[in-house]
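# Examination of the molecular architecture
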Amino acid sequence: MADADQKTLDPTPKKLEDAHKRGDVPSAPEMRHAAMFAAMLLIVGALGAVATAQLAAQTEALWEGAGDLALTSGNAQRLARTLLGGILVAVGPILLLTLVAAVAGALVQGRGLFLSGQLKLKWDRLSPMAGAKRLFGKQAWVEFGKTLMKFIFVAIVAGAVVWPALHGLDRMTGADAGAIGQYASAMAHDMLRAVALLVAALATADFLYQRRAWLARQRMSHQEVRDEHKQNEGDPQIKARIRAIGMARARRRMMSAIPSASVVITNPTHYAVALRYDHGAMQAPVVVAKGRDRIALRIRELAAEHKVPVVESPPLARALYASVEIDQPIKLEHYAAVAEIISYVLRLTRSKP
């Protein structure tokens, strides 16, 4: 078929679940960036003053002792370690929590998915041709354009927030390190807030784009839908064959019970119902066989072959065929009519020499 290879159908829930198990989930890099900026905004608001005070104290101590400090090969390394240690203590928690936020943003998009198979070395990724396709393909250019536009927007927003604050730098002349740190912290907080709002808007748009592209990649052809249906429900041809075999076996068992029947009630040509009744052992007659048209004809033939009485009663034959299943006793409303027929058959049997 012409449309067998055209993927025009929406993906089924199973197709989406299989893609998730493989690690193929819609992932927007901007969501990670938004999580990082949001975390930085919260962290700077909560820990910015503490970090600024620590850096200010370190700067003041370094500035006050600058006149007495003589850099030598012996104390230069100790000074560098002290400075780096102080910076890490002040800024480290902010950087660590920002990293945690980025990882959490990635996990949320993948619903906590982590596959060990993603860590395996894939030799096809080492191919220069495959690398060139990834670098210069359509998706790579789209990502490059998105990154460039994001950088431009972020630079514009950050500049618009920081530029008015630069005019107040002259007031910081002669101020102590603590005041300068607080001023810088407030400026950074305002800039992060504006950038975080911008990145959040970009992340929402990117996520919608990535999900739409992912759903487009998961679309299925008519043949794929049929194959999945066969896999889940079984091949319809095989199921039909199994049903046919089961019906044939049930029909053979039904026909083998006709010789033991007490009477066969017919339409006379379209329906036939075989009843068995053992007085004293059964509370009510039981239907041992029933059928219509060709099967009804076969029931009458077997009844004649095994000398089972055949009685024509069209309304009763139709009623029994429609309301009673094989190996089930007749219903209460049929007792009187069936009892009359069985009594007639018994009288007919006794009258024979």
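In this convention, every chain numbers its residues from 1, walking through the sequence in written order. Only residues with pLDDT of 70 or above have their local features reported here, since the model is predicted, and side-chain atom pairs are shown and tallied only from 80 upward, although totals for entire chains, interfaces and linings are computed over all residues. Note: side-chain values were computed over all heavy atoms of the structure, leaving out hydrogens and water.

Looking at an unreviewed UniProt entry, one finds the protein named Flagellar biosynthetic protein FlhB, with Sphingobium fluviale as its source organism. UniProt positions are given in the numbering used here, feature names are shortened, and annotations may be inferred rather than shown by experiment. Word for word, the UniProt comment on the protein under Function (unreviewed entry) is "Required for formation of the rod structure in the basal body of the flagellar apparatus. Together with FliI and FliH, may constitute the export apparatus of flagellin."

## A short note on the UniProt feature "transmembrane region" (unreviewed entry) in the protein
The positions that UniProt labels "transmembrane region" (unreviewed entry) are, in the present scheme, residues 34–57, 83–108, 148–166 and 191–209. Per the convention used, a helix needs a DSSP run of H or I reaching at least four residues, while a strand needs a run of E reaching at least two, with both numbered from the N terminus. With 100% helix and 0% strand, residues 148–166 has end C-alpha atoms that lie 26 Å from one another. Structurally, residues 191–209 is divided into 100% helix and 0% strand, and its ends, taken at the C-alpha atoms, are 27 Å apart.

## Some words on the environment of Arg-300
Inspection of the secondary structure puts Arg-300 in helix α9 (residues 294–305). When the C-alpha positions of Arg-300 and Thr-269 are compared, they lie 9.1 Å apart, and in sequence the two are 31 residues distant. Not counting the four nearest positions on each side in its chain, Arg-300 is found in contact with Thr-266, Pro-268, Thr-269, Tyr-271 and Ala-272. What makes two residues a contact is simply this: any of their non-hydrogen atoms within 4.5 Å.

## Thoughts on helix α1 (residues 13–21)
Of the residues making up α1, those classed as buried are Lys-15, Ala-19 and His-20. Projection of α1 onto a plane perpendicular to its axis shows the buried side chains occupying an angular sector of 140°, all on one side. When the buried face of α1 is taken as reference, the exposed residues oriented beyond 90 degrees from it are Pro-13 and Lys-21. Phi turns positive one or two residues past the end of α1, at Gly-23, with a value near 90°. Under the scheme applied here, a residue whose accessible area is under 20% of the maximum for its type counts as buried, over 50% as exposed, and between as partly exposed, the area being computed with a 1.4 Å probe on protein chains only. Each C-beta atom gives one direction from the helix axis, and the arc is the one those directions make.

## A short note on helix α10 (residues 314–323)
Where α10 is concerned, the buried positions are Leu-316, Ala-317 and Leu-320. Seen end-on, α10 carries its buried residues on one side only, within an arc spanning 100°. The exposed residues of α10 that point more than 90 degrees off its buried face are Pro-315 and Ala-322.

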